[in-house]
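# Remarks on the overall topology
Residues per chain are reported as follows:
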Amino acid sequence: MSDASKNPQKKGKGAQAAGGKNQPIARRPSQRTLSKKRREERRQRLVMTVVGVAVGLAVLALIIGVSYEQLWTPSRPVARVGSTTLTRQEYWQERRYALAQEVAQNVQLQVLFGDNPQFGGQLSERNPAVNLQAGTIRDTDINEQTVNDWIDEQVIQSGAAEMGIEVSTTDVNQQIVQELGPIFLPEPAAPVTATATVTGTAEVTGTVASDTTAEVAADEDETPEATETATATETATATVTPSATVTPGGPTLTPTITDTPAPTDTPRPTPEPDVANEQAPEVIDALYSRFETEIQLLEQEVNLSRADFVAGLEEQYRQQLLVERVQAELLSADSFTPTDERRRVRARQILLAVDAPEDATEEEIDLLYAERRDEAAEIVEQLREGADFAELADEVSDDPGSREAGGDLGFFDAEGVTESGAVYLPELVETAFDLEEGAISEPIRTQFGWHIVEVTEVEIPDEEQQLSDERAEAFETWLEEQRADLTIERFPAPTPTAEATAMPTPEPEYLPGPPTMVPTPTLEPTPEIIEDTDDGFGPTLPTETPPADEDEDAATPPAEADEDAATPPAEADEDENEVTPTATTAADAEEPTP
């Protein structure tokens, strides 16, 4: 080491002497300063490292989240049929198609029934709700119906392919135009060529004085005719046939107008392929335009696109055509034989009720039934001799539900189920289905007494309906077989539920006739409460008071009414023998049943 480096003071002095000027002397930093500086540098490096790691972790988490949301989650399977898998991404799209199909149906109903005040309000609320659902598909749970529909679609397509059945895009467009064209495509304007012809025919009878101003042919067989032609602007035509009566002032024409009803609309024929391929996009444009306008008027964001409607309707009608063609293949019209099996019957009855005590023995019950058996047989004889069924039912039937309707039971099927959900007794139903229309049955014994039944109407489906029903049944059987042959999986697999103990099917609660409604009791008006204001002047009286005459009449009923209410008429004793199986009024329901 040199002397200058060992002795900085000397070096400084030398430099000062050499330069001739005073130079500042550089001091060496102390050990503490150097140590502090090094600690600060280490701290900065540590902070930078931590920040870098944090930023790196944040970026990594963001990448993982985006990958999970955009790549992993959409690729996860939801269901699988054979080798075809429905991913979450595809499910989201299928759900959009299903919502577009629902909107299309709602728009059709709006066009057809939007002016109906009963349905218009309900229909106007559906599409906005569906549009909101479309915006939250990713955030909501899996819709089971959509998944099940997709599974059925795959099963049907697989089975139809094995049968050699296909549906082309042109077939789908023809179906769309045929069903939706009459609703969303305007009818082409046709030139008006119809004319209305008014022909007047005057029939002359009697004689006319020679000084009359009208010339009338004396021959009774001579009939003057007048023909008038006018351009028609209405679809309906009117034929006017006047008749003439001779009066001293000349014949007076009295026209009789008969309106010809307007022709009814006939279903559109299947459009030609080129026409269907051209008009199908127009139909979808008109449908989507109605939906889009409806949502925008509510200031909502439109969450379904036109492409959703195109794909959704194509999927819907392709499935519909496949089902129809598979059904026709399973059961052809040539191999089908219609039957005369009844679907429902309509009947009326007369019930002679038999009320047996709960503790009665079988012998006692049989005696009670025997007491009214002869009465029932006599009624049957009267009816077969021509007695009016409705009048007899009103006079002697013990069933309040049908008595006031002339004994009418309404329509019911072979299980005894009516349109209202009531279920009739098997004995009565079996007899009714065996009876010819208009025939009177023998007395039928049931738990309610003796029934006399007449079938008034028989409902047998026509051949077309029977073929449709048989095809639908055959298709359901075929579909179950296809499901069994294919491997169908759900992800995640459904959690197996504990097998519930088989409960016996409860026996339906049979009714002797149509149910009777218990009238709603009329509530008495609540008396007005008089408040005490504690102001020294007593209670506050109501400002509006009814007239004094009405108050007196309401407060003091006539003495005769009290006597009538307190003493029931003697005829009530005769009615006590009449057994009513079902309650008809609230008062009857409160009385104990013997």
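It should be noted that the structure appears before, not after, this text.
Since the structure is predicted, the reported quantities are computational estimates derived from the model, not experimental observations. (Residues numbered from 1 in each chain as written. Predicted model: local features only at pLDDT ≥ 70, side-chain atom pairs only at ≥ 80, totals over all residues. Heavy atoms only, no water.)

So, about the side chain of Asn 173. The residue Asn 173 is located in helix H8 (residues 169–184) in this model. Taking the relative accessible area as the measure of exposure, Asn 173 reaches 15% and is therefore buried. Other than its neighbours up to four places away in sequence, Asn 173 contacts Ala 276, Asn 277 and Ala 280. (Helix = DSSP H or I, 4+ residues; strand = E, 2+ residues; numbered from the N terminus. Buried < 20%, exposed > 50% of the residue type's maximum accessible area, 1.4 Å probe, protein only. Contact = heavy atoms within 4.5 Å.)

Turning to the sheet that holds strand S9 (residues 344–353), a few remarks are in order. Judged by pairing direction, the sheet is antiparallel, and its four strands sit side by side in the order S10-S9-S13-S12 without closing on themselves. Two strands in the sheet have a free side with no partner beyond their single neighbour: strand S10 (408–413) and strand S12 (444–446). Going from strand to strand, the sheet's axes swing by 45° on average, the running direction of each strand aside. One ladder, built from five bridges, connects S9 with S10; its direction is antiparallel. Counted as the bridge partner of Val 345 is Phe 412 from S10. Lying on the sheet, helix H11 (residues 362–384) is in contact with S9, S12 and strand S13 (449–459); it crosses S13 at an angle near 40°. Its contacts with the sheet place helix H12 (residues 389–396) against S9 and S13, and it is angled at close to 40° to S9. (Pairing = 2+ DSSP bridges. Axes fitted to C-alpha atoms, helices over the stretch in contact; angles between N-to-C directions.)

Right, let's get into the nonpolar core. The biggest cluster of nonpolar side chains holds 44 residues, and the ones touching the most others in it are Leu 180, Leu 287, Phe 309 and Leu 313. Elements represented by at least two residues in this core include exactly strand S1 (77–81), helix H4 (88–113), helix H6 (126–134), helix H7 (144–162), H8, helix H9 (273–297), helix H10 (306–330) and helix H15 (463–485). Among all residues touching Leu 287, those that are not within four sequence positions of it are Ala 104, Val 107, Leu 180, Phe 184, Phe 309 and Leu 313. Core analysis: the next-biggest nonpolar cluster, separate from the first, contains 16 residues, Tyr 369, Ile 379, Leu 392 and Ile 440 among them. (Core = buried A, V, L, I, M, F, W, Y, C linked by side-chain atoms within 4.5 Å.)

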